[in-house]
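# Observations on chain architecture
Take a look at the letters that make up each chain.
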Amino acid sequence: MSVDAWRLPWQGKMVPHAVIEILRECNITCRACYKNCPPEPPKTLVQIEEELDALLELRRLSSVSLLGGEVSLHPQLCDIIRLIKGKGLCVELMTNGVTMDADFCRSLKDAGLDVIYFHIERGQTRPDLPDTHTGEDLNNLRREKAVTAGRAGLDVGLTATAYPGEIRDIHDVMSLTLDTPELNYLLITLFRDHAGIQSLRGDIRTGFAGSGTPPDASSLQNNTWFAEWVRNEFELEPFGWMGSNMDRDDPRWLSYLIGAVYDGDAAPHIEYIRPSLLEKVSMLIFRIAGRYPMYLEQNQARFRTQLALNGILGGRRRSNRELVRRSGKSGVQLTTKRILFQNPAELTADGQLIHCEWCPDAVLKNGALVPVCVADNVS
Ligand code: SF4
C-alpha cells in the first residue's frame, strides 16, 4: 500500500504541529461536521494559554491551527493569535469564511495570522451561497474569499471533504487551487462516518481502545487510491507521507509540494517537487536544532534556491530548472503550493483505532494528545 515519496520524520515530541479548538459555536451547517457535543461557551484566553502551554510540554511545536466551530465567532480571536505568536509559533486557522471580509482579514493579518483556510463545499447551508449550488458557485465563492484574504497579506488555503462518489468536487477544488495564484494550500479530508463509535479511550502515545460499529466497508476510501487518481488527473506525484499506527505503509497523511509560475493571463506552469537529499539533510539540521518547521511563508528567492539544489541533489532536475527559468522573467509570480490528503481515524471491528501514526492534527483532551478527527468520541 505504500507510496513512492518521503516518509516524514516527525515522531513523538518532534511533531511540529497541533490544533486548538477555541469554541464550538457555528453559523452554518455542513454535511460532514464531526462536532457532536452540545455547545459550550468559547474558551477564554486564559484557558487557551493553559492549553497551549500543555501542548508545548508534549510537542516541540512550530505551528498551531485554530479550529471551531467557526473561529470568527470567538470575540477574542485576534488576542488568541497574538498570544500564540508571542510564543514564537506560526498560526493557521480554519474558517467557513462567511464573516471574513477585507477588514476582518486585515485585522487577522495585523494580529499575526500566517495562513487562513476557507472551508467552502457542497451541502453547506450558508447565506452567501444559493441553497442549490453548483461547482461553479463554490469555486466563485472560494476565489472571492482567497483574493480578499490574499490582498490582506495572508497566505491562503482551502479545505474540502472527499465524499464517496463525488470526486468531481475534488477535481474542481484542486483545479482552482492550481489555477489561482492566491491559493497556496489545499487540505482534502476523506469522508469518514464516526457515528458508529460508542466509546473511545486512550491517546496517541499509548493507543486507543473503543467499542461500536466500524464504518461501512463500502464507504471507506484510502490515499493509495487518491495518489493514483491525482497522478492520472493532474500528473502530480506526492512529496511526503505518514503511515498509520497499525500499518506504517498505509499513507494516511499524504502531501504534495508543487511549484507554480503565473505569467499574466496564460495558464500557470505547474511542476511537482520530489524529495531530495536537500530536504532530508535540512530536516536533520532542524532535528538537531530542536524542532521541525511546519509552515514556511512564501519566499520566491528561497524557493528558487531550493529548486536549484533539490534538482542537483536528487529531485527533478529538468522540471525544477524550468520553474526557475520561467520565474526569472519580470512580472511573473512563483508560488509554493502544498496539497494534503488526510484519511481520518477509523474504528476496527476489534475496538482498535487506526489513525495517522503521529497525528499532526492532535488536540489536548484529558491532558493527552488525541486526533482532532475523533476528539469528540474520546471520553
Ligand atoms: S489522525 Fe490526525 S492527522 Fe490524521 S486525519 Fe485524524 S486528525 Fe488528521
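Reading guide: rules and limits
- Residues numbered from 1 in each chain as written.
- Predicted model: local features only at pLDDT ≥ 70, side-chain atom pairs only at ≥ 80, totals over all residues.
- Helix = DSSP H or I, 4+ residues; strand = E, 2+ residues; numbered from the N terminus.
- Rg over C-alpha atoms; globule rule 2.2 N^0.38 Å.
- Buried ≥ 20, exposed ≤ 12 C-beta atoms within 10 Å, placed from the backbone.
- Contact = placed C-beta atoms within 7 Å.
- Axes fitted to C-alpha atoms, helices over the stretch in contact; angles between N-to-C directions.
- Parallel < 35°, antiparallel > 145°, perpendicular 65-115°, else oblique.
- Left-handed = near helix turned anticlockwise from the far one by under 90°.
- Nonpolar A, V, L, I, M, F, W, Y, C, P; charged D, E, K, R; others polar.
- Pairing = 2+ DSSP bridges.
- Right-handed = clockwise from strand over helix to strand, strands pointing away.
- Expected span 1.5 Å × (residues − 1).
- Arc of directions from axis to C-beta.
- Near = placed C-beta within 6 Å.

Our next topic: the overall build of the protein. Looking only at helices and strands, the protein has nine helices and 17 strands in total. Over its C-alpha trace the protein gives a radius of gyration of 20 Å, about what one expects of a compact globule, namely 21 Å for 379 residues. Looking at the protein as a whole, 44% of its 379 residues qualify as buried. Sequence-distant contacts, at least 24 apart, represent 73% of the contacts inside the protein between residues at least 6 apart.

Turning our eyes to something else, we now look at the environment of Gly-69. Considering the arrangement of structural elements, one finds Gly-69 in the loop between β3 (63-67) and α2 (77-85). Classification of Gly-69 by C-beta neighbours within 10 Å gives buried; the count is 21. A C-alpha to C-alpha distance of 17 Å links Gly-69 and Leu-187, two positions 118 residues apart in sequence.

What follows covers the packing of helix α8 (residues 300-312) against helix α9 (residues 317-327). Taken N-terminus to C-terminus, the directions of α8 and α9 make an angle of 155 degrees; their axes are 8 Å apart at the nearest point. Overall, the two elements α8 and α9 adopt an arrangement that is roughly antiparallel. The hand of the α8/α9 crossing is left-handed. Residues Gln-300, Arg-304, Leu-307, Ala-308, Asn-310, Gly-311 and Ile-312 of α8 lie in contact with α9, whose contacting residues are Arg-317, Asn-320, Arg-321, Leu-323, Val-324 and Ser-327. Residues that form the contact of α8 with α9 fall into these classes: five nonpolar, five polar and three charged.

Another aspect to go through is the pairing of β3. Burial analysis of β3 places five of its five residues in the buried class, the great majority of the element. Every second residue of β3 is oriented toward a common face, with Ser-63, Ser-65 and Leu-67 on one face and Val-64 and Leu-66 on the other, all of them buried. Sheet topology places strand β2 (residues 17-21) next to β3; five bridges connect them, and they run parallel. Note that in β3 the partner of His-17 across the bridge is Ser-63. Bridge analysis of β3 against strand β4 (residues 90-95) gives four bridges, and the strand direction is parallel. When the bridges of β4 are listed, Leu-66 appears paired with Leu-93. In the classification by handedness, the crossover that spans β3, the intervening α2 and the parallel β4 is right-handed.

Turning to its location among the elements, Leu-138 is positioned in helix α4 (residues 135-151). Accessibility expressed as a C-beta count within 10 Å gives 21 for Leu-138, which makes it buried. C-alpha of Leu-138 to C-alpha of Arg-325: the two residues are 187 residues apart in sequence and 34 Å apart in space.

Next up on the list: α8. For α8, with 13 residues, the first-to-last C-alpha span of 19 Å sits near the 18 Å given by 1.5 Å per residue. Where α8 is concerned, the buried positions are Phe-303, Gln-306, Leu-307, Asn-310 and Gly-311. Within α8, the buried residues cover an arc of 125 degrees as seen down the axis, which keeps them to one side. Along α8, the residues that are exposed and aim more than 90 degrees away from the buried face are Ala-301 and Arg-302. If you follow the buried residues of α8, they end up packed against β11 (253-262), α7 (277-289), α9 and β13 (333-342). One or two steps after α8, the chain reaches Gly-314, where phi turns positive at roughly 115 degrees.

Given a rise of 1.5 Å per residue, 13 residues ought to cover 18 Å, and the 18 Å separating the end C-alpha atoms of α7 matches this to within 8%. Two residues or fewer past α7, Gly-290 is found with a positive phi of approximately 120 degrees.

The subject of this paragraph is the pairing of strand β12 (residues 269-272). A regular strand places its side chains on the two faces of the sheet in alternate fashion. Note that β11 and β12 share four bridges and pair antiparallel. Considered in β12, the bridge of Gly-259 is made with Glu-271. Here β11 folds back onto β12 in antiparallel fashion, the turn holding six residues, of which Gly-264 has a positive phi close to 60 degrees.

Our next topic: the site of the ligand. In the vicinity of the ligand, 13 residues are found, and the nearest of them are Cys-356, Cys-359, Asp-361, Pro-371 and Cys-373. For the shell around the ligand, the per-class residue count stands at nine nonpolar, two polar and two charged.

Look at α4 against helix α5 (residues 167-179): their axes get within 10 Å of each other, and the N-to-C directions meet at 30 degrees. With respect to α5, the axis of α4 lies roughly parallel. Along this stretch, α4 crosses α5, giving a crossing that reads as right-handed. Judged by residue contacts, Gly-135, Leu-138, Asn-139, Arg-142 and Arg-143 of α4 engage Arg-168, Asp-169, Asp-172 and Leu-176 from α5. Here the residues of the contact of α4 with α5 are counted per class, giving two nonpolar, two polar and five charged.

With that out of the way, let us pick up unusual backbone geometry. Omega for the bond connecting Gly-68 with Gly-69 falls within 30 degrees of zero, at 15 degrees, which places this linkage in the cis form. The phi dihedral of Glu-235 falls on the positive side, at around 55 degrees, and the residue is not glycine. The residue Glu-235 is located in the loop between α6 (223-234) and β10 (240-242) in this model. We note that Asn-366 has phi near 50 degrees; this positive angle belongs to a residue other than glycine.

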